[in-house]
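Structural overview for review
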Amino acid sequence: VSEAIKLDYAVEILECQGKDAFLNYFERLGSQNTRSAREIVRDSKVLKAVYKLRTLDIDHPKLDKLLEIVKDILSKNKKEKIIVFAQYRDTVEKIVNLLRENKIGALPFMGQSNRGGKGMSQKEQIRTLERFKGDDGINVLVSTSVSEEGIDITSVNYVIFYEPVPSEIRFIQRKGRASRGEGGECIILITENTRDEVYYWSAIQK
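What counts and how
- Residues numbered from 1 in each chain as written.
- Predicted model: local features only at pLDDT ≥ 70, side-chain atom pairs only at ≥ 80, totals over all residues.
- Heavy atoms only, no water.
- Helix = DSSP H or I, 4+ residues; strand = E, 2+ residues; numbered from the N terminus.
- Buried < 20%, exposed > 50% of the residue type's maximum accessible area, 1.4 Å probe, protein only.
- Lys, Arg positive; Asp, Glu negative; His and termini not counted.
- Salt bridge = Lys/Arg side-chain N within 4 Å of Asp/Glu carboxyl O.
- Polar contact = N/O pair within 3.5 Å; in protein donor to acceptor, adjacent residues only side chain to side chain.
- Contact = heavy atoms within 4.5 Å.

1. Considerations on the side chain of E163
Relative to the assigned elements, E163 resides in the loop between β4 (158-161) and α8 (168-175). Of the buried charged residues, E163 lacks a salt bridge, with R174 as the closest side chain of opposite charge at 4.1 Å. Engagement of the side chain of E163 in a polar contact is seen with the backbone nitrogen of Q87, the distance being 3.0 Å. Not counting the four nearest positions on each side in its chain, E163 is found in contact with Q17, K62, F85, A86, Q87, R174, L189 and D196.

Pasting the structure below:
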């Protein structure tokens, strides 16, 4: 059962986040000292899939679409502020790097360090938010769920979900970051025929 749960999670990451997030998860499994993790990383079918992904020069289509949307927004107002929500820290880093490669000022924003060592101290969080609020060319804050509530972030006109969330509370909290009382736009990226669609409609129905 533990193997099945891990494999199901791996498929979800691959479908909704892309190959880099999947490969990072596979590497983390390799460092776990559990029977289920060991069985997965030694499985011939899994290894074949990993090999194919490492040799394919493709990425998740959401990345190109996100870049297109951000460029379009900034072409109308180069000082616009945008918050992008992403579920995983690996994805946050991937998005930030992509935007910076395209000369777009972007900063990551995430919670405290986890066991993998990724994360931000409280001082780093405060410094990041101050930079985002300021006028030094930072247009995009790419955040995990840590900024959904309880953190003082200036309202923005655009909120982008890199993936839908099944929780109606988190859905509402994220949307609420878009220009409270002034109108704003919330854009949700959904990969067709994947769990993204399930999570989106789950939150809407709730």
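2. Considering the pattern of salt bridges
Evaluation of the coordinates by the stated rule reveals 11 salt bridges. The partner of E27 in a salt bridge is R54, with the nearest N and O atoms 2.4 Å apart. One end of the pair, E27, is in helix α2 (residues 19-30); the other, R54, is in helix α4 (residues 44-55), and 27 residues separate them in sequence. The exposure class of E27 is partly exposed, given its relative accessible area of 45%. The exposure class assigned to R54 is partly exposed, which follows from its relative accessible area of 49%. A salt bridge links R28 to D90, with the shortest nitrogen-to-oxygen separation between them at 3.1 Å. On the criterion of sequence distance, the pair formed by R28 in helix α2 and D90 in helix α6 (residues 89-101) is long-range, its members being 62 residues apart. Relative accessible area serves as the criterion here: at 38%, R28 is assigned to the partly exposed category. The class for D90 is buried, based on a relative accessible area of 12%. One connected set of salt bridges, linked through shared partners, spans D8, E12 and R195.

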